[in-house]
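# Chain and residue survey
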Amino acid sequence: MSDVRSSVMGGSYSRPADTSARIQFRRALTLTAMTLLMPGSAQLVSGNKRIGRVAIRVWLGFLAVGAVLLFTSLTSRQGLLSIMLDTRLLMVGRWVLIAGAIAWVALIVDAWRLGRPLELRRKHRLWMTGLNGALCFVTAGTLFFAAHLVAVQASFIDGVFVADTVSEPEDGRYNVLLLGGDSGPDRDGVRPDSLTVASIDRETGRTVLIGMPRNLQNIPFPKGSVMDDQFPDGFNCEGCYLNAINTWANDHASLFGKKRPGLDATMGAVEEVTGLKLNYYAMVNMHGFSKLVNAVGGVRMNVRERTAIGGIGSPIRGWIEPGEKQLTGDQALWYARSRVQNDDFSRMGRQKCVMNAMLQQLSPQRVLLNVEKIATSSKALLTTDIPQQDLDVFVELALKAKTQKVSTVSLVPPAIYTGNPDFEKVRRQIDKAIDKAEGRSSIQGGITKAKLSLPKSGSEAKDPRKANQSSDLGASC
């Protein structure tokens, strides 16, 4: 009879102490899991119910906000960007994340206490202590890191996008002047040796890059402007090229009475040359550019010609050989700016290829993983008058542009003689490029909208200058 009773009571019933220990361990695990999945639920069932109710309501509020953001991302990407780029909301979000991290850790510790660790067996107590410690580290670390990224984002936006004047698109397009500023001990001030107008369709993101040769001469200026008063027949003095306007105006700042006479004069000149109304400018410091490329892990390029590293006021210290290459920041900088053994027009083509590669390769995931490095390098890299109010618009346009072909037109020989340009022909050439990008090819306004030349095969396709005149920049690069 005793054997039968022992058999019936076998397993857990034969050792009540073991059964109790396992039940306590499962209870402690359950309380921890409840706190991880729904903070406050452990307190609601086994602790301070008031704290549990408050924590659950806050958690449900977080879930509701997340649901709203998810719905917004699915229905209005620009609406989501507006929220994510609003520095006031970012700073509120930062402090909410910090408070949430502290509160969550406190609830996990309290759940560990509610699990009665001193009543657990030693190995169970060690397991629970290690598990709760790891959860505290992971949850707090994740939220604190997120709060740090939010602070970096807000600091970058507040530090770079300080303008407050919003400019509306002209004829459905935003026209932004991109300048590559090059300063050094061998020159006075910052001289923009790279000037490109990015004309972007407001609806589709279809972009036309208009390359402006730095040595363009006889530049006209807007009627009634200070530069027009000083140079009524165009910018035709000794050494007066397009890239020298910035320096001349800054050297004669007293004539303008403005904070940025060089940039304003340059933008006025570009508007006269192209016939386009410029909305904004963005000046990139060439040396800061290499830091940005390094921050995102380099840029993949199809190098079309052997290009020197160095050689502009410094010794040549290496070469970038032709072929598919992953360029570092220093290599990308020299590939974009070198004119050793080649000319300005080849350099203009390479600059467009670098811009196109960066546009295509900078995915949101890549930016997110390198946000702090990008923000740090960009503060030294970028100066712009794009206001915070329009930042969401341009991020949206950048995302759209990634899915579109980028067209390009450059004012270079043989079509345009830079020493004595035909500015009417220049404007016609730009009109054709924009109309081609927008799918218009008929005769409008008395001007024939001709097709742009496509990249050719063979040796001609390897010439980077072909990127100066192409309806598909990606194919030319």
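These numbers come from a predicted model, not from an experiment. Position numbers for residues count from 1 along each chain, tracking the sequence in the order it is written. Local features are withheld for residues below a pLDDT of 70 in this predicted model, meaning they are given only at 70 or higher, and side-chain atom pairs are given and counted only at 80 or more; totals for whole chains, interfaces and linings count all residues. For the side-chain quantities, the full set of heavy atoms in the structure was used; hydrogens and water were omitted.

Here we take up the state of the cysteines. Here, two cysteine sulfur atoms that lie within 2.5 Å of each other are counted as a disulfide. Applying the stated rule across the entire model yields one disulfide. Sulfur-sulfur distance for the disulfide between Cys237 and Cys240 comes to 1.3 Å. Between Cys237 and Cys240, the disulfide has an S-S torsion of -40° and is therefore left-handed. Burial classification: accessible surface area is computed with a 1.4 Å probe over protein chains only, and a residue below 20% of its type maximum counts as buried, one above 50% as exposed, and the rest as partly exposed. Taking relative accessible area as the criterion, Cys237 reaches 31% and is therefore assigned partly exposed.

Here the focus is the side chain of Arg347. Numbering of helices and strands starts at the N terminus; helices are DSSP runs of H or I of at least 4 residues and strands are runs of E of at least 2. Relative to the helices and strands, Arg347 is located in helix H13 (residues 344-361). Owing to a relative accessible area of 5%, Arg347 belongs among the buried residues under this scheme. Whenever a nitrogen or oxygen atom comes within 3.5 Å of another N or O atom, the pair is scored as a polar contact, on the condition that within protein one atom can donate a hydrogen and the other can accept it, and that pairs from neighbouring residues in sequence are kept only if both atoms are in side chains. Of the polar contacts made by the side chain of Arg347, one reaches the backbone oxygen of Arg337; its length is 3.0 Å. Contacts are residue-level and defined by heavy atoms, with any inter-residue pair within 4.5 Å sufficient. In contact with Arg347, other than residues within four places in its own chain, are Asp193, Arg214, Ala336, Arg337, Ser338 and Arg339.

Turning to unusual backbone geometry, a few remarks are in order. For the bond from Pro413 to Pro414, the omega torsion is 5°, close enough to zero to count as cis. Positioned with a positive phi, Arg116 is a non-glycine residue whose angle comes to about 50°. Note that Arg116 resides in the loop between helix H6 (87-114) and helix H7 (122-160).

Moving on to the pattern of salt bridges. When charged atoms on two side chains of opposite charge get close, those side chains can pair. Put simply, a salt bridge is a Lys or Arg side-chain nitrogen that is within 4 Å of an Asp or Glu carboxyl oxygen. Per the counting criterion, the structure on display carries 13 salt bridges. Across the salt bridge formed by Asp110 and Arg113, the nearest N and O atoms sit 2.8 Å from each other. Of this pair, Asp110 and Arg113 both sit in helix H6, three residues apart, which is roughly one turn of the helix. Arg173 is paired through a salt bridge with Asp201; the nearest N and O atoms lie 3.8 Å apart. Of the two residues, Arg173 sits in strand E1 (residues 173-182) while Asp201 sits in strand E2 (residues 191-201), which places them 28 residues apart along the sequence. Neither residue differs from the other here; Arg173 and Asp201 are each classed as buried.

Only buried residues count toward a nonpolar core. Its members are Ala, Val, Leu, Ile, Met, Phe, Trp, Tyr and Cys residues joined through side-chain atoms within 4.5 Å. Met227, Phe235 and Ile245 are the most contacted members of the largest nonpolar core, which has 39 residues in total. Elements supplying a minimum of two residues to this core: E1, E2, strand E3 (207-212), helix H9 (245-251), helix H10 (261-274), strand E4 (280-285) and helix H17 (423-437). When residues no more than four places from it in sequence are discounted, the contact partners of Met227 are Phe221, Phe235, Ile245, Trp248, Phe256 and Ala265. In terms of nonpolar packing, the next biggest core, distinct from the first, is built from 32 residues, Leu81, Cys136, Leu391 and Val393 among them.

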